[in-house]
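Chain by chain, the residues run as shown.
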Amino acid sequence: MNDPETLISEKDIGTRVDELAAEISSDYADKGELVLIGVLKGAFIFLADLSRKLTIPRLIEFIAISSYQHGSMPSGAVRLVMDVRASIEGRHVLIVEDIVDTGHTLHYLIDMLESRGPASIRTCALLRKEHKTEVDIEVDYLGFKIGDEWVVGYGLDFAERDRTLPYIGVIQPDDPD
Ligand code: 5GP
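Residues numbered from 1 in each chain as written. Predicted model: local features only at pLDDT ≥ 70, side-chain atom pairs only at ≥ 80, totals over all residues. Heavy atoms only, no water.

Overview of the overall build of the protein
Next, step 1: Counting secondary structure elements, the protein contains 3 helices and 9 strands.
Next, step 2: Listing every helix and strand of the protein by position from the N terminus yields β-α-β-α-β-β-β-α-β-β-β-β.
Next, step 3: Its C-alpha radius of gyration of 16 Å places the protein within 12% of the 16 Å reference for a compact globule of 177 residues.
Next, step 4: Oriented by its inertia axes, the alpha-carbon framework of the protein measures out at about 50 × 35 × 25 Å. (Helix = DSSP H or I, 4+ residues; strand = E, 2+ residues; numbered from the N terminus. Rg over C-alpha atoms; globule rule 2.2 N^0.38 Å.)

In structure tokens, the structure reads:
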């Protein structure tokens, strides 16, 4: 099996994560504790790196949703699989996503979390496939825009494979080997 072709190198990811962390730290300075909500499983590495680079008080939470049933095939529905543990009422929240594709997942999460009365909700995503947008969602902190390709690595998988690659690579879902 060949390694996936590199789309974004480990070094470039590190540089961009540092930039995003600096921007977020500056925007939330003096606003109290920021609740970072990582969307499992894909955002776990991005959240780990980003959160350690922040210079502001922060709390780590996770949420799990299911939007794709098999590999790269969309199921059409977004479903909550695991909720956050902390109350977010009156608190500043940053949703941390691996990748925004159609925008349905982020839209669902923002709607659901907004109903709980946070002080604010913003979004941070490492990657966005812009021309696939179906729901008009603003990503406040975005790492990279990419094309319409299936990406793996740095937390992202194909059928649970390649999640721990240190870089973002591209595979052909029909022929992952
Ligand atoms: P959306 O609801 O925006 O269409 O889809 C977002 C979710 O789809 C992401 O959180 C991720 O789980 C999955 N996804 C979309 N494109 C890719 C991709 O290229 N690679 C991987 N591994 N997951 C993707």
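A word on the packing of aromatic side chains
Next, step 1: Inspection of every chain in the model, using the stated rule, returns 0 aromatic pairs.
Next, step 2: Just above the ring of tyrosine 28 sits the side chain of lysine 31; from NZ or CZ to the centre is 5.4 Å. (Phe/Tyr/Trp six-rings, centres within 6.5 Å; stacked < 30°, edge-to-face > 60°. Lys NZ or Arg CZ within 6 Å of the ring centre and 35° of its normal.)

Considering the pattern of salt bridges
Next, step 1: Within this structure, the stated rule accounts for 10 salt bridges.
Next, step 2: Linking aspartate 18 and lysine 53 is a salt bridge whose minimum nitrogen-to-oxygen distance equals 3.4 Å. Placement of the pair is aspartate 18 in helix H1 (residues 10-27) and lysine 53 in helix H2 (residues 44-53), with a sequence separation of 35 residues.
Next, step 3: Given the relative accessible area of 36%, aspartate 18 is considered partly exposed.
Next, step 4: Residue arginine 163 is joined to aspartate 157 by a salt bridge in which the shortest nitrogen-to-oxygen separation is 3.6 Å. The residues arginine 163 and aspartate 157 share a single accessibility class, namely buried.
Next, step 5: Salt bridges sharing partners connect three or more residues here, namely Lys41, Asp157, Glu160 and Arg163. (Salt bridge = Lys/Arg side-chain N within 4 Å of Asp/Glu carboxyl O. Buried < 20%, exposed > 50% of the residue type's maximum accessible area, 1.4 Å probe, protein only.)

Thoughts on the environment of isoleucine 65
Next, step 1: Inspection of the secondary structure assignment puts isoleucine 65 in strand E3 (residues 58-70).
Next, step 2: Distance in space between the C-alpha atoms of isoleucine 65 and leucine 40 is 7.2 Å, their sequence separation being 25 residues.
Next, step 3: Setting aside residues up to four positions removed in sequence, isoleucine 65 forms contacts with Val39, Leu40, Val78, Arg79, Leu80, Val81, Thr105, Tyr108 and Leu109. (Contact = heavy atoms within 4.5 Å.)

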